[in-house]
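For reference, the chains in residue letters:
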Amino acid sequence: MSQFSLQYPYALLLILLFWLCAKYCPPKADSIFFPHVHSLLISKKGKSRLLDMLKWFGIVSLLFALSSPVITKSYKNTKKSGRDIMLVIDASGSMRQRGFDMGNLMQSKFGVVKDVVSDFIDKRKNDRLGLITFADVAFVASPLTFEHKFLKDIVDMQRLGIAGTRTAINDALLQTYNILSKSDAKSKIVILLTDGEDTASRISPKDIMDIIKKSDIKLYTIGIGRWGEFDARYLKALANAGHGKFFAAQDKDALKKIYAQIDKLETSKIKSKKIVQHQYYYIYPLFAAIISLLLFIYFRTTRGVMQ
């Protein structure tokens, strides 16, 4: 944004001093009587006006230069420190269960989760997000991307049964950590959601725990459904190993609050620095003043007109 201003606008008030001086302080010179002086003054009237214009133009230009005209340009340099977040969602057969949303008892757990996850994606403006869904196997539904609309479309396209009916939590985490290990983001996060316990993984709990502990990736785990349907103790152990936190959600409202809490815990840093640039233009009116006053002196000297 550009803005014109005068750094010292009060300098223009000096023009009053020049005007008062011109009005009440006429130059004194030796007087010589000429019988036809009136005719002489009339013949010099045009030249006198020219000198007046040059003199006052020079004075005004000089004072305008003294007031220091400047154009100020300001803009913000915003530095965003986003995060890489992998969303890991259970798509096993048990996610077909209904009654998780008290406002819509016919909607399945999986449908509720897709709605809540889409809202979460909308809030992560400066982050890259990816999606892994799992059941018997884990597969990458979307790599890490800044295209959040694309990711929401992918979430909406997910269907139960594509990956089987059982639950492979450990395999899903292994897949997730392999992806994030190649990321150069300073902050990497995994949010795992499931409504059951591991029944299909090929990697053992001990091995996945070792991988999680050695990594700098933060892990949040969420168990949804009635207490006892998911393995709360194991999910809590995973979160502790990943320096994160375990949550339990009994219904849709609780799940929304959990994702909102994670959103607050993992706020992306945005540093904004305002940069101001000044361009000074006093040289132009100063140059005009010098030329004008030089012309004034020249014409006054060569034509002998007194002002």
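In terms of nonpolar packing, the biggest core is built from 32 residues, with Leu87, Ile191, Ile222, Ile224, Leu255 and Tyr259 touching the most fellow members. Within the residue set of this core, elements represented by two or more residues are β3 (84-90), α4 (109-123), β4 (128-134), α5 (148-157), β6 (188-194), β7 (218-224), β8 (245-249) and α9 (252-265). Judged by nonpolar contacts, the second largest core, of 27 residues, contains Val88, Ala172, Leu192 and Tyr234.

Below, the discussion takes up the sheet that holds β7. Pairing is mixed in the open sheet, where six strands are placed in the order β5-β4-β3-β6-β7-β8. With partners counted over all chains shown, the strands left at the sheet margins are β5 (138-145) and β8, one partner each. Neighbouring strand axes in the sheet, compared pairwise and without regard to direction, differ in orientation by 15 degrees on average. Note that β7 and β8 share five bridges and pair parallel. Looking at β8, one finds that tyrosine 220 is bridged to lysine 245.

What follows deals with the side chain of aspartate 263. Tracing the chain through its elements places aspartate 263 in helix α9. With residues up to four places along the chain from it excluded, the contact list for aspartate 263 reads Phe120, Lys123 and Arg124.

If you check α9, its first and last C-alpha atoms are 20 Å apart, about what 14 residues at 1.5 Å a residue would give, namely 20 Å. Summarising the contacts, the buried residues of α9 are in contact with α4, β6, β7 and β8. At the N-terminal boundary of α9, the capping side chain belongs to aspartate 251, with an oxygen 3.3 Å from the backbone nitrogen of aspartate 253.

Reading guide: rules and limits
Residues numbered from 1 in each chain as written. Predicted model: local features only at pLDDT ≥ 70, side-chain atom pairs only at ≥ 80, totals over all residues. Heavy atoms only, no water. Core = buried A, V, L, I, M, F, W, Y, C linked by side-chain atoms within 4.5 Å. Buried < 20%, exposed > 50% of the residue type's maximum accessible area, 1.4 Å probe, protein only. Helix = DSSP H or I, 4+ residues; strand = E, 2+ residues; numbered from the N terminus. Pairing = 2+ DSSP bridges. Axes fitted to C-alpha atoms, helices over the stretch in contact; angles between N-to-C directions. Contact = heavy atoms within 4.5 Å. Expected span 1.5 Å × (residues − 1). Polar contact = N/O pair within 3.5 Å; in protein donor to acceptor, adjacent residues only side chain to side chain.

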